[in-house]
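Close look at the chain arrangement
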Amino acid sequence: MYTANTTRYESMTYNRCGKSGLKLPAVSLGLWHNFGDNSDYNNMVDMCKTAFDNGITHFDLANNYGPADGAAELNFGKILKENFMNYRDEMVISTKAGYYMWPGPYGDWGSRKYLIASLDQSLKRMGLEYVDIFYHHRMDPETPLEETMEALAQIVRSGKALYVGISNYDGPTLERAHAILKELHVPFIINQNRYNIFDRTIEKNGLKEKSKEVGTGIICFSPLAQGLLTDRYLNGIPEDSRIRTDGRFLKEGQLTEEKLANIKALNEIAKRRGQTLAEMALAWNLKDDYITSVIIGASRSSQILDNIKAIENTTFTEDELKEIDKYSI
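The paragraphs below set out a description of the structure included in this document.

About the criteria used
- Residues numbered from 1 in each chain as written.
- Predicted model: local features only at pLDDT ≥ 70, side-chain atom pairs only at ≥ 80, totals over all residues.
- Heavy atoms only, no water.
- Phe/Tyr/Trp six-rings, centres within 6.5 Å; stacked < 30°, edge-to-face > 60°.
- Helix = DSSP H or I, 4+ residues; strand = E, 2+ residues; numbered from the N terminus.
- Buried < 20%, exposed > 50% of the residue type's maximum accessible area, 1.4 Å probe, protein only.
- Lys NZ or Arg CZ within 6 Å of the ring centre and 35° of its normal.
- Core = buried A, V, L, I, M, F, W, Y, C linked by side-chain atoms within 4.5 Å.
- Contact = heavy atoms within 4.5 Å.
- Pairing = 2+ DSSP bridges.
- Axes fitted to C-alpha atoms, helices over the stretch in contact; angles between N-to-C directions.
- Salt bridge = Lys/Arg side-chain N within 4 Å of Asp/Glu carboxyl O.
- Polar contact = N/O pair within 3.5 Å; in protein donor to acceptor, adjacent residues only side chain to side chain.
- Expected span 1.5 Å × (residues − 1).

**Overview of the packing of aromatic side chains**
For the structure shown, the criterion picks out 11 aromatic pairs. Between F59 and F84 the ring centres are 6.4 Å apart and the planes differ by 55 degrees, which places this aromatic pair in the tilted class. Here F59 is found in strand β4 (residues 58–60), whereas its partner F84 is found in helix α2 (residues 71–84), with 25 residues between them in sequence. Using a relative accessible area of 0% as the deciding quantity, one classes F59 as buried. Accessibility expressed as a relative area gives 0% for F84, which makes it buried. Among the aromatic residues, those joined into a cluster by ring pairs are Y2, F52, F59, F76, F84 and Y87. One Lys or Arg, R88, reaches over the ring of Y130 and ends 4.4 Å from the middle of that ring. The aromatic ring of Y106 is capped on one face by K113, whose charged end is 5.6 Å from the ring centroid.

Below, the structure written as structure tokens:
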């Protein structure tokens, strides 16, 4: 059985999640990519150990992470059983449901039927009795919001999740969801949304400000814009890059000449700050005290160690922020 680094909590920053009692590490590990059936299992184990040894206590999943759907949870469940069960109470494990998972009318969106069944399947895949955070993964235009929120309430009452969150919501829907869950006395503590220097959607749709107003935390996925906010593409598109090998979420057409010029300009700002572009991009997210955490993806342990360095400097001058905004298109 794996023995964790005894100094693992000394260098990580832990932020309170909204007004709740739960704290999350400033950097969390996401299993969206590189934990499916097409990835090396030993590398997965090494990344999880590296993360935990350096104070990353939060591991973020969803029912459909893979490929194939469910594979990331299955692999993580095996990693937990073989290495981490002695540390379960020191870990925050989250999962989600809301996107397509199985055929027919009950395997998608936000019905009570789907959410409860999906979480039961997730717990079985991971070999867990409960998750720490369970999210509804996206807004459902057809299911009444009351039904979706009442399903989250039932999940908490059943002991299958300690806290709930919502993902990919906008500000007005967040406000309605918060009101329902507050009336139901459900510990709704967090919003998970895409947020990075290039994607300011939560600033425009009211989610960022409304979350601050109601006292829920924000955890950001894709803080590096699928790798654009790193030095990966400064000199063109590498053959082993995500654009070349995957192409589902980051396409070659997104890397225009203008975008590349902006990436290079941002890289120069990062150099002046004594950071890599990736470090600066993560620090930019964490500069606001109501951003609880950023979710990083990694294909190897060295990337995790590099990204953790971002917490060493999350302070920006007004001039730096204005210059970053200039190149955020």
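**A word on the nonpolar core**
Counting residues in each nonpolar core, the largest one holds 97 residues, and the members touching the most others are F76 and L266. Leave out the neighbours within four places in its chain, and F76 touches L31, C48, F59, L61, M91, I93 and M126. The next biggest cluster of nonpolar side chains, apart from the first, holds 12 residues, and it includes L22, V92, I189 and I219.

**Concerning the pairing of strand β10 (residues 291–296)**
Most of β10 is tucked away, with 6 of its 6 residues classed as buried. Two elements, strand β3 (residues 27–30) and β10, share 3 bridges in a ladder whose sense is parallel. The residue bridging S28 from the neighbouring strand is I295, located in β10. With 3 bridges connecting them, strand β9 (residues 217–221) and β10 associate as parallel partners. Across the sheet, the residue bridging to I218 is I291, located in β10.

**Here's the deal with the sheet that holds β3**
Strands sit in the order β3-β4-β5-β6-β7-β8-β9-β10 around a closed barrel of 8 strands; the barrel is parallel. Each adjacent strand pair in this sheet contributes to an overall mean axis angle of 30 degrees, direction not counted. Both strand β6 (residues 131–136) and strand β7 (residues 161–167) contribute to a ladder of 5 bridges, which runs parallel. Note that in β7 the partner of I133 across the bridge is Y163. Against the sheet, helix α5 (residues 171–183) contacts β7 and β8 (188–194), and its axis sits at roughly 160 degrees relative to β8.

**What to know about the pattern of salt bridges**
Scanning the model with the defined rule gives 19 salt bridges in all. The partner of E73 in a salt bridge is R125, and the shortest N-O contact between them spans 2.8 Å. Separated by 52 residues along the polypeptide, E73 in helix α2 and R125 in helix α3 (residues 112–126) bring together distant segments of the chain. Like E73, the residue R125 is buried in the burial classification. The residue D120 makes a salt bridge to K160 at a minimum N-O spacing of 2.7 Å. Here the residue D120 occupies a position in helix α3, and K160 occupies one in the loop between α4 (145–157) and β7, the gap between them amounting to 40 residues. For D120, a relative accessible area of 34% translates into the label partly exposed. With relative accessibility at 25%, the residue K160 sits in the partly exposed group.

**As for the side chain of D60**
Turning to its location among the elements, D60 is positioned in strand β4. Side-chain polar atoms of D60 contact the side chain of Q192, separated by 3.2 Å. In this structure D60 touches L29, G30, L31, Y65, S94, K96, Y135, Q192 and I295, once residues within four positions along its chain are discounted.

**Here's the deal with helix α9 (residues 257–272)**
Helix length check: α9 (16 residues) gives 23 Å between terminal C-alpha atoms against 22 Å at 1.5 Å per residue, within 8%. Tucked into the core, α9 has its buried residues touching α10 (277–286) and α12 (318–326). The first or second residue beyond α9 is G274, which carries a positive phi of 75 degrees.

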